[in-house]
Amino acid sequence: MLKYALIFAIISLIAGALGFTGVAAGAAGIAKVLFFIFVALAVLFVVLAMLGVGAARKALR
């Protein structure tokens, strides 16, 4: 997902440099949304790992 956010960020930079402001704004908006979804998921998984959710499930087997 972070890969797609970077791709859309690059597309928006190229489109902005070439003068396609509508395309650049759209691609930048998509890149922002994907980046924040990635950050939210990363924080969620770090918290779950710190709580030992996966380890507790393995111990119950």
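Along each chain, numbering runs from 1 in the same order as the chain's sequence is written. Only residues with pLDDT of at least 70 get local features here, since the model is predicted, and only at 80 or more are side-chain atom pairs given and counted; chain-wide, interface and lining totals rely on the full set of residues. Each side-chain value is worked out from all heavy atoms of the structure, with water and hydrogens disregarded.

A. Examining the side chain of serine 12 more closely. Think of it this way: any DSSP run of H or I at least four residues long counts as a helix, any run of E at least two long counts as a strand, and we number them from the N terminus. Among the secondary structure elements, serine 12 is positioned in helix H1 (residues 2-18). Using a 1.4 Å probe on the protein chains alone, a residue whose accessible area is under 20% of its type maximum counts as buried, one over 50% counts as exposed, and one in between counts as partly exposed. According to the relative accessible area criterion, serine 12 is buried, its value standing at 11%. When checking whether two residues touch, look at their non-hydrogen atoms; a contact exists if any pair is within 4.5 Å. Not counting residues up to four positions away in its chain, the partners in contact with serine 12 are Ala24, Ala27 and Ala28.

B. Fine view of helix H2 (residues 21-51). Spanning 31 residues, H2 covers 45 Å between terminal C-alpha atoms, matching the ideal 45 Å at 1.5 Å per step. Taken together, the buried positions of H2 are occupied by Ala24, Ala27, Ala31 and Leu34. Where H2 is buried, its residues contact H1. Once H2 ends, the next one or two residues include glycine 52, with phi positive near 75 degrees. By this rule, a helix spans an expected 1.5 Å times one less than how many residues it contains.

C. Here's a closer look at the environment of glycine 29. Along the chain, glycine 29 turns up in helix H2. Exposure remark for glycine 29: the relative accessible area of 30% places this residue in the partly exposed category. Sequence separation between glycine 29 and serine 12 is 17 residues, and the spatial gap between their C-alpha atoms is 8.9 Å.

D. The arrangement of the packing of aromatic side chains in detail. Each pair of aromatic rings taken from Phe, Tyr and Trp, with Trp reduced to its six-membered ring, is defined by centres within 6.5 Å and is described as stacked if the planes are under 30 degrees apart, edge-to-face if over 60, and tilted in the remaining cases. In this structure the tally under the stated criterion is one aromatic pair. Ring plane angle 65 degrees and centroid distance 5.6 Å describe the contact between phenylalanine 35 and phenylalanine 36, whose orientation is recorded as edge-to-face. Among the residues examined, phenylalanine 36 registers a relative accessible area of 55% and is labelled exposed. Two conditions define a charge sitting above a ring: the NZ of Lys or the CZ of Arg must be within 6 Å of the ring centre, and it must be within 35 degrees of the ring normal. One cation-aromatic arrangement involves lysine 3 over tyrosine 4; the distance from NZ or CZ to the ring centre is 5.8 Å.

E. Geometry of the confidence of the model for the protein chain. Each residue carries a pLDDT score, the predictor's confidence in it, ranging from 0 to 100. A residue-level look at the protein chain finds 85% of positions with pLDDT of 70 or above and a mean pLDDT of 82. Highest mean pLDDT in the protein chain belongs to H2 (87); lowest belongs to helix H3 (residues 53-60) (60).

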